[in-house]
Amino acid sequence: QFSSYDSLLPLLQMLQSGNDRVSPANGMWPLFCNEIGLSYDQEERVRNFQRTLLTNHTSWLHRHTASASGRTLQDMHSTIAKSAEMVKQRESRILNILTVEQRVKFLAWAARKSANIAKVAKVTSPPQPFVESGLPEISSENHEAANLYMIHHRMQKALEKLPITNK
């Protein structure tokens with residue numbers, strides 16, 4: 001059975017080797033050139049430029065950093081949205097117990113006491129770090145792309161642990 005680290009291993013090896021793409025030689029390339037209307041000279045210059053980009057280690061790392069950043073932001077957005085939906089559902093279930101008049105009083109009371117409620121919540125329910133054993137540690141020794149991919153992986157695992165919400 002593979003550990004979570006095993007699923008990240010090929011990614012880390014790709015980051016170290018700097019090669020995850022092949023230069024355009026066949027497939028869609030001729031269609032692209034035809035549809036764009038590239039001359040042979042332009043096609044050659046575009047291919048040379050792309051080869052340069054694909055063989056440039058820094059360019060490769062920038063692409064992976066951007067990709068990992070986008071994935072991590074999407075995961076954060078999904079996690080926040082799912083958490084907000086869970087809170088909204090819990091709030092609705094509680095408020096549905098109250099009459100309309102009681103809801104108004106409760107919401108006014110909660111607004112007045114929000115600072116005290118936050119203090120109590122912080123003391124009684126401190127944030128728990130999400131710890132996944134077997135994952136490589138995020139470290140300043142790693143390239144930021146590697147750290148972002150690890151964060152992405154951890155966010156995916158955390159998102160999986162959130163219960164499914166009913167809309």
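Criteria and thresholds
Residues numbered from 1 in each chain as written. Predicted model: local features only at pLDDT ≥ 70, side-chain atom pairs only at ≥ 80, totals over all residues. Heavy atoms only, no water. Helix = DSSP H or I, 4+ residues; strand = E, 2+ residues; numbered from the N terminus. Buried < 20%, exposed > 50% of the residue type's maximum accessible area, 1.4 Å probe, protein only. Contact = heavy atoms within 4.5 Å. Areas by Shrake-Rupley, 256 points an atom, 1.4 Å probe, with all protein chains shown as cover. Salt bridge = Lys/Arg side-chain N within 4 Å of Asp/Glu carboxyl O. pLDDT = per-residue confidence, 0-100. Patch = residues over 30% accessible without salt bridge, like charges linked within 9 Å, V, L, I, M, F, W, Y side chains within 5 Å. Expected span 1.5 Å × (residues − 1).

A. Just the overall build of the protein chain, in detail. Of regular secondary structure, the protein chain possesses seven helices and zero strands. Out of the 167 residues in the protein chain, the part that is buried amounts to 23%. Within the protein chain, residue pairs in contact and separated by at least 24 positions form 72% of the contacts whose partners lie at least 6 positions apart. As presented, the protein chain carries roughly 12600 Å² of accessible surface, and 59% of it is formed by carbon and sulfur atoms.

B. Fine view of the pattern of salt bridges. By the definition in use, this model includes four salt bridges. A salt bridge links Arg-45 to Asp-41, with the nearest nitrogen and oxygen atoms 3.4 Å apart. Within this pair, Arg-45 and its partner Asp-41 are both found in helix α3 (residues 40–55), separated by four residues, close to a single helical turn. Taking the relative accessible area as the measure of exposure, Asp-41 reaches 47% and is therefore partly exposed. Here Arg-47 and Glu-43 are joined by a salt bridge, their closest N and O atoms 3.8 Å apart. In this pair, Arg-47 and Glu-43 are both assigned in helix α3, four residues apart and thus about one turn of the helix distant. Owing to a relative accessible area of 15%, Arg-47 belongs among the buried residues under this scheme. Glu-43 sits in the buried class, given a relative accessible area of 18%.

C. Focus on the confidence of the model for the protein chain. With 76% of its residues at a pLDDT of 70 or more, the protein chain shows a mean pLDDT of 78. Mean pLDDT in the protein chain bottoms out at helix α1 (residues 4–17), which sits at 54, and peaks at helix α5 (residues 100–112), which reaches 93. Residue range residues 19–23 is modelled with pLDDT below 50. Its contacts to residues more than four positions away, or to other chains, number 10 contacts.

D. View of a nonpolar patch on the surface. A cluster of nonpolar side chains, Phe-106, Leu-107, Trp-109 and Ile-117, forms an exposed patch at the surface whose accessible area comes to about 350 Å². In terms of residue count, α5 provides more of the nonpolar patch than any other element does, three residues in total. Along the chain, the position of Phe-106 falls in helix α5.

E. Focus on helix α7 (residues 144–161). An ideal rise of 1.5 Å per residue puts 26 Å on 18 residues; α7 measures up with 26 Å between its terminal C-alpha atoms. The set of residues buried in α7 consists of Ala-145, Ala-146, Asn-147, Leu-148, Tyr-149, Met-150, His-152, His-153, Arg-154, Met-155 and Leu-159.

F. Expanded view of the environment of Cys-33. Of note, Cys-33 is situated in helix α2 (residues 29–36). Overall, Cys-33 belongs to the buried group, its relative accessible area being 6%. Note: C-alpha distance between Cys-33 and Val-46 (13 residues apart in sequence) is 9.8 Å. The residues contacting Cys-33, other than those within four sequence positions of it, are Leu-38 and Glu-43.

G. Up close: the environment of Arg-154. Residue placement: Arg-154 occurs in helix α7. C-alpha of Arg-154 to C-alpha of Asp-75: the two residues are 79 residues apart in sequence and 9.4 Å apart in space.

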